[in-house]
Amino acid sequence: EVLTSAPGAAEAATAMAGRLARDLHYSGLIEISLPLPPGVLSPYSNGRSPHPQGGNAPEFGVGLRLETAPGAGLVWVARLVEPDGAIRVSKRYTVELPDFARSVHHFADEVVMQLTGEQGIAQTRILFTRGKGDERELYVVDFDGENLRQVTRNASLNLTPRWSPDGSKVAYT
């Protein structure tokens, strides 16, 4: 649901829903029921669920709402809804378009934890080197291959990158 006239909001809402469906599917623990809302691409490679009629598991719903909040810019509200309509989880994220991926990954991990008791993988970032010869730069990418960012730009041989224990810093040779 889009409750704002901000430029790009409708497209962002569709992209957020698609990213959430992919995150939940990639967890390997949650099956996405089809059909999805108009414009949201199926996370299944062939566009069809392996279990089109659903399984025996209860069907939970996810509600997303993008709105303008006074003094806060754009806000999206995400809810995990029980089969009986009760709200199990409700999160509110302040975002700037088009940079919403981190909040979607966070909500996906929250859904996975609530439904399975397992830690989700959607907030995982991959740190690696890329280049040729004596020039290898460090890069970081989200677990799903999106949001590739170059970390170093020193035209040197940067090797063996490692995250600090809290994940806030990088050490490398």
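Residues numbered from 1 in each chain as written. Predicted model: local features only at pLDDT ≥ 70, side-chain atom pairs only at ≥ 80, totals over all residues. Heavy atoms only, no water.

*Asks:* So what about the packing of helix 1 (residues 9–26) against helix 2 (residues 101–116)? Which residues, and what values?
*Replies:* In the contact formed by helix 1 and helix 2, the axes pass within 9 Å of each other and the chain directions differ by 40 degrees. It follows that helix 1 is oblique to helix 2 by the angle criterion. Between helix 1 and helix 2 the crossing geometry is right-handed. From helix 1, Met16, Arg19, Leu20, Asp23 and Leu24 reach across to helix 2, where they touch Ala101, Val104, His105, Phe107, Ala108, Val111 and Val112. (Axes fitted to C-alpha atoms, helices over the stretch in contact; angles between N-to-C directions. Helix = DSSP H or I, 4+ residues; strand = E, 2+ residues; numbered from the N terminus. Parallel < 35°, antiparallel > 145°, perpendicular 65-115°, else oblique. Left-handed = near helix turned anticlockwise from the far one by under 90°. Contact = heavy atoms within 4.5 Å.)

*Asks:* Lay out the packing of aromatic side chains with the relevant residues and their values.
*Replies:* Following the criterion strictly, the structure yields four aromatic pairs and no others. Geometrically, the ring pair formed by Tyr26 and Phe143 is edge-to-face, given 6.0 Å between the ring centres and 80 degrees between the ring planes. Of this pair, Tyr26 sits in helix 1 while Phe143 sits in the loop between strand 6 (135–142) and strand 7 (149–150); the two residues are 117 residues apart in sequence, bridging distant segments of the chain. Tyr26 sits in the partly exposed class, given a relative accessible area of 39%. Overall, Phe143 belongs to the buried group, its relative accessible area being 17%. Consider the rings of Trp76 and Phe107, whose centres lie 6.2 Å apart with planes at 80 degrees: the pair is edge-to-face. Placement of the pair is Trp76 in strand 3 (residues 73–81) and Phe107 in helix 2, with a sequence separation of 31 residues. (Phe/Tyr/Trp six-rings, centres within 6.5 Å; stacked < 30°, edge-to-face > 60°. Buried < 20%, exposed > 50% of the residue type's maximum accessible area, 1.4 Å probe, protein only.)

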